[in-house]
Amino acid sequence: MNSRLIQLSKRGKSIYQLLSLSVVLLLLYALGFMLMALGTLAAPPVADAHAYAALKAFTAYSFDLLLFTGLVGAGIMLTEGALHESAVQNWRRIWTGLVAVILVASPFAPLSLLDSALALFLLLTLLWIGRVRGRSTYLRLWQWGMFLTLGSLPLIHLADGIASDVARAFQTHVGFALCALSLLFWLMTRFSRVEESWARAGARIVAVPVFLGGSLISLGRAGLPVAVSLGAAPLLLLCYCVLASHSYRALSKRNENASLATHWIALATLLWLFSAGFFGALSIQPAIAEAMRGTGMAAAQAWLANWAVLAVILAFVNEAASSLLGGNLRVTGYAPFWLISFGLALSGIAQICRGVVEIYLRQVSRLEPAAAADLLMPITTVWIISLTAVAAGCAIYALGFWLRRPAIRVREG
């Protein structure tokens, strides 16, 4: 364990504590999705329907709170010290308490109530940070992304069926994506030799196609006319190629940064290209969208798109912790990165294969779901093994972060 002592301001200590909370939530999320995956086995560890529903709610909130903790910690860092240090410290304490309450209440309380409470608190946070003068391009983009995310949050549970699917897709592919995009370009100025002016301009440029592409994916959930969906497919692919081209330029001009933020950004870019670019172009086609609904293919798209945003959060945790520790160093190793990367790739392939077979069995063979589950068990086993690699990567990531944590002394004045 790293026992060295460092001095930080109240603001710096609060940000580091938010990073630590993000890592704890990452562990809880990994535990949740592994237990849910094991629930697909013939003798699942969580067999009771009510217990499984409680586990599903807990896992969903672990993920949402993980993203929001990382994003708001990033928002505070993007203000560059413009917020009062005591206010930041008090906000961190309230947020930590709220996270604990939501996680404990998630298996029991109505989801709409928890989402409304979360959205209200985050809206107040957004207004608080919005008072900062001289906001950077990154902070303004972060604010727009948070605003759109919070707007869609209550609709996911207040709406039903297709409307809920549209709201959830909009939150992932537009709201969270724009927040992550602001961090991506801010991180570029840390790990790359690109000019600050280029990064600011790139953030403004790429935000437009990401908003357009994410909106098309969301509208595709409600069903687009065939002519519109066919014409929109190449446009959607182009949108995420623009994102990838900007990311590639920064990655190809790396500096001596050792925080591994570059690796996580590269992973996020590939996940966006596949889940939102290629898969998004397929999912907006009416016939394909209808066939995908409720299958492993739809689950694969959502899983990989969520991890695209989460990979940016993990990149921010690496870079921010390295910066706060006062050195050019790694706070996590290569092992979690490769475990998570290969685990995501294999789990995505397994889910897609599972989805293709599900569509065939449902539409051609007309098998009952119970019989189909037995036939799908070999693919399900491969999927669970892949998820085990992802969960192991999350655990090693958390362990590496914990072992390198310093003793912090608050610097007065």
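My aim in this report is to walk through the structure given alongside it, one point at a time. Note that this is a predicted model, so its numbers are computed, not measured.

Points about the overall build of the protein chain
Point 1. Counting its secondary structure elements, the protein chain contains 14 helices and 2 strands.
Point 2. In summary, the protein chain has a C-alpha radius of gyration of 21 Å against a globular reference of 22 Å for 413 residues, a match within 12%.
Point 3. Across its three principal directions, the C-alpha atoms of the protein chain cover 70 × 45 × 40 Å.
Point 4. Taken over 413 residues, the protein chain has a buried fraction of 54%.
Point 5. Accessible surface, the protein chain as shown: approximately 17300 Å² in total, 68% of it carbon and sulfur.
Point 6. Of the side chains in the protein chain, 29 bear a positive and 16 a negative charge, and the two mean positions are spaced by 11 Å.

Focus: the nonpolar core
Point 1. Ranked by size, the top nonpolar core spans 123 residues in total, and within it Leu19, Trp95, Trp272, Trp307 and Leu310 carry the most contacts.
Point 2. In this structure Trp272 touches Ala177, Ala180, Leu184, Tyr240, Leu243, Gly277, Ala308 and Val312, once residues within four positions along its chain are discounted.
Point 3. With 7 residues, the next largest nonpolar core counts Phe279, Met292, Ala300 and Ile352 among its residues.

Here's the deal with the pattern of salt bridges
Point 1. For the structure shown, the criterion picks out 5 salt bridges.
Point 2. Arg293 serves as the salt-bridge partner of Asp165, at 3.3 Å between the closest nitrogen and oxygen. Of the two residues, Asp165 sits in helix H6 (residues 161–191) while Arg293 sits in the loop between helix H10 (286–292) and helix H11 (296–324), which places them 128 residues apart along the sequence.
Point 3. A salt bridge links Glu358 to Arg354, with the shortest nitrogen-to-oxygen separation between them at 3.3 Å. Of this pair, Glu358 and Arg354 both sit in helix H12 (residues 334–365), separated by 4 residues, roughly a single helical turn. Across the pair, exposure class does not vary: Glu358 and Arg354 are buried alike.

Some thoughts on the environment of Pro110
Point 1. As for its placement among the helices and strands, Pro110 is situated in the loop between helix H3 (85–105) and helix H4 (111–130).
Point 2. When its relative accessible area of 47% is taken as the criterion, Pro110 is described as partly exposed.
Point 3. A sequence separation of 53 residues divides Pro110 from Ala57, and the C-alpha atoms of the two residues are 10.0 Å apart.

Brief notes about the environment of Ala51
Point 1. Inspection of the secondary structure puts Ala51 in helix H2 (residues 49–78).
Point 2. Sequence separation between Ala51 and Ala180 is 129 residues; the distance between their C-alpha atoms is 33 Å.

Re the packing of H2 against H6
Point 1. Their axes nearest at 11 Å, the elements H2 and H6 cross at an angle of 45°. The angle between the axes of H2 and H6 places the two elements in the oblique class. Crossing hand, H2 versus H6: left-handed. For the pair H2 and H6, the contacting residues are Leu67, Phe68, Leu71, Ala74, Met77 and Leu78 in the first and Phe176, Cys179, Ala180, Leu183 and Trp186 in the second.
Point 2. A per-class count over the contact of H2 with H6 returns 11 nonpolar, no polar and no charged.

Examining the side chain of Ser247
Point 1. Tracing the backbone shows Ser247 in helix H8 (residues 226–251).
Point 2. Here the side chain of Ser247 touches Thr269 through a polar contact of 2.8 Å, side chain to side chain.
Point 3. In contact with Ser247, other than residues within four places in its own chain, are Met188, Ile265 and Thr269.

A few points about the state of the cysteines
Any covalent bond linking the sulfur atoms of two cysteines counts as a disulfide.
Point 1. On inspection of all chains with the given rule, the structure shows 0 disulfides.
Point 2. Looking at Cys239, it has no disulfide partner, and the nearest cysteine sulfur is the one in Cys241, 9.2 Å off.

A closer look at the pairing of strand E1 (residues 5–8)
Point 1. Every second residue of E1 is oriented toward a common face, the buried set being Ile6 and Leu8 and the non-buried set Leu5 and Gln7.
Point 2. Bridge count between E1 and strand E2 (residues 407–410): 4 bridges; the pairing is parallel. Counterpart to Leu8 in the pairing with E2 is Val410.

Reading guide: rules and limits
Residues numbered from 1 in each chain as written. Predicted model: local features only at pLDDT ≥ 70, side-chain atom pairs only at ≥ 80, totals over all residues. Heavy atoms only, no water. Helix = DSSP H or I, 4+ residues; strand = E, 2+ residues; numbered from the N terminus. Rg over C-alpha atoms; globule rule 2.2 N^0.38 Å. Buried < 20%, exposed > 50% of the residue type's maximum accessible area, 1.4 Å probe, protein only. Areas by Shrake-Rupley, 256 points an atom, 1.4 Å probe, with all protein chains shown as cover. Lys, Arg positive; Asp, Glu negative; His and termini not counted. Charge placed at Lys NZ, Arg CZ, Asp CG, Glu CD. Core = buried A, V, L, I, M, F, W, Y, C linked by side-chain atoms within 4.5 Å. Contact = heavy atoms within 4.5 Å. Salt bridge = Lys/Arg side-chain N within 4 Å of Asp/Glu carboxyl O. Axes fitted to C-alpha atoms, helices over the stretch in contact; angles between N-to-C directions. Parallel < 35°, antiparallel > 145°, perpendicular 65-115°, else oblique. Left-handed = near helix turned anticlockwise from the far one by under 90°. Nonpolar A, V, L, I, M, F, W, Y, C, P; charged D, E, K, R; others polar. Polar contact = N/O pair within 3.5 Å; in protein donor to acceptor, adjacent residues only side chain to side chain. Disulfide = S-S within 2.5 Å. Pairing = 2+ DSSP bridges.

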